[in-house]
Amino acid sequence: MQRCELNEDMFLDFFKQLTKVFENISSYLLDFEALNLNPRYIFFDEEKKSYIFLMGNVNECTIKENFEKLFTFFADICPIGQQELLEFIFELFGNLSEENFEVYSFIKHIAEHQFEDPLEEEMDVFMFDEETDISELSEKEFEKKKKLSIY
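Note that the structure is a prediction, hence the values are computed from the model and not measured.

About the criteria used
Residues numbered from 1 in each chain as written. Predicted model: local features only at pLDDT ≥ 70, side-chain atom pairs only at ≥ 80, totals over all residues. Heavy atoms only, no water. Phe/Tyr/Trp six-rings, centres within 6.5 Å; stacked < 30°, edge-to-face > 60°. Helix = DSSP H or I, 4+ residues; strand = E, 2+ residues; numbered from the N terminus. Buried < 20%, exposed > 50% of the residue type's maximum accessible area, 1.4 Å probe, protein only. Expected span 1.5 Å × (residues − 1). Contact = heavy atoms within 4.5 Å. Patch = residues over 30% accessible without salt bridge, like charges linked within 9 Å, V, L, I, M, F, W, Y side chains within 5 Å. Areas by Shrake-Rupley, 256 points an atom, 1.4 Å probe, with all protein chains shown as cover. Salt bridge = Lys/Arg side-chain N within 4 Å of Asp/Glu carboxyl O. Arc of directions from axis to C-beta. pLDDT = per-residue confidence, 0-100. Core = buried A, V, L, I, M, F, W, Y, C linked by side-chain atoms within 4.5 Å.

Draft legend 1. Up close: the packing of aromatic side chains. Per the counting criterion, the structure on display carries 22 aromatic pairs. An angle of 25° between the planes, with centres 6.0 Å apart, marks the rings of Phe90 and Phe93 as stacked. Within this pair, Phe90 and its partner Phe93 are both found in helix H3 (residues 83-95), separated by three residues, close to a single helical turn. Since its relative accessible area comes to 24%, Phe93 is described here as partly exposed.

Draft legend 2. Region of interest: helix H2 (residues 63-77). Compared with an ideal rise of 1.5 Å per residue, which puts 15 residues at 21 Å, H2 spans 21 Å between its outermost C-alpha atoms and is within 8% of the ideal. Residues Ile63, Asn66, Phe67, Leu70, Phe71, Phe73, Phe74, Ala75 and Ile77 constitute the buried set of H2. Buried residues along H2 sit against helix H1 (8-27), strand E1 (35-36), H3 and helix H4 (103-111).

Draft legend 3. Region of interest: a nonpolar patch on the surface. On the surface, Tyr41, Phe43, Ile52 and Leu54 cluster together to form a nonpolar patch covering roughly 330 Å² of accessible area. Tracing the chain through its elements places Phe43 in strand E2 (residues 43-45).

Draft legend 4. Representation of H4. Burial in H4 covers these residues: Val103, Phe106, Ile107, Ile110 and Ala111. Considered in projection along H4, the buried side chains sweep an arc of 135° and stay on one side of the axis. Tucked inside the fold, the buried residues of H4 contact H1, H2 and H3.

Draft legend 5. Geometry of the confidence of the model for the protein. The pLDDT averaged across the protein works out to 80; a share of 72% of its residues lies at or above 70. Looking over the protein, one finds the lowest element-wise mean pLDDT in helix H5 (residues 118-124), namely 50, and the highest in strand E3 (residues 50-52), namely 93.

Draft legend 6. Fine view of the nonpolar core. Core analysis: the largest hydrophobic core is formed by 37 residues, its most contacted members being Phe11, Phe15, Leu18, Phe32, Phe67, Phe71 and Phe74. Put simply, the parts of the chain that give this core at least two residues each are H1, H2, H3 and H4. Look past the residues within four positions of Phe32 in its chain and what remains in contact with it is Leu18, Phe22, Ile25, Ile63, Phe67, Val103 and Ile107.

The following block contains the structure:
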């Protein structure tokens, strides 16, 4: 990952594969906290396009601390142009401090996240013009377009 720019697809693929690893670990009745999430010890098989995770957490860190280190790594290698991905990574930092934190649902939430298509956003936004019939807009749409027009 350090050789190429991180993007949304790579990020989601990483967590989809991590979800499968978690399910396999659970089926063998192993503790997920023993999984080493240090980016130095996570490898990528270019032929199979899969990540290789190692068991055996060298540091005596909690799972939340391991995720913090992992997200710090992702934030460091994420290009500034990937604004939505960066925002999502920082949002995940906040989720780590929740009281009802549960590892499997957390990584599953990440793997299933849908990033918005920037083309859809651009097509949805338009300003008021002479042809816009304000009476046909809902109140929510009206307020949104009003704010955008003022901006």
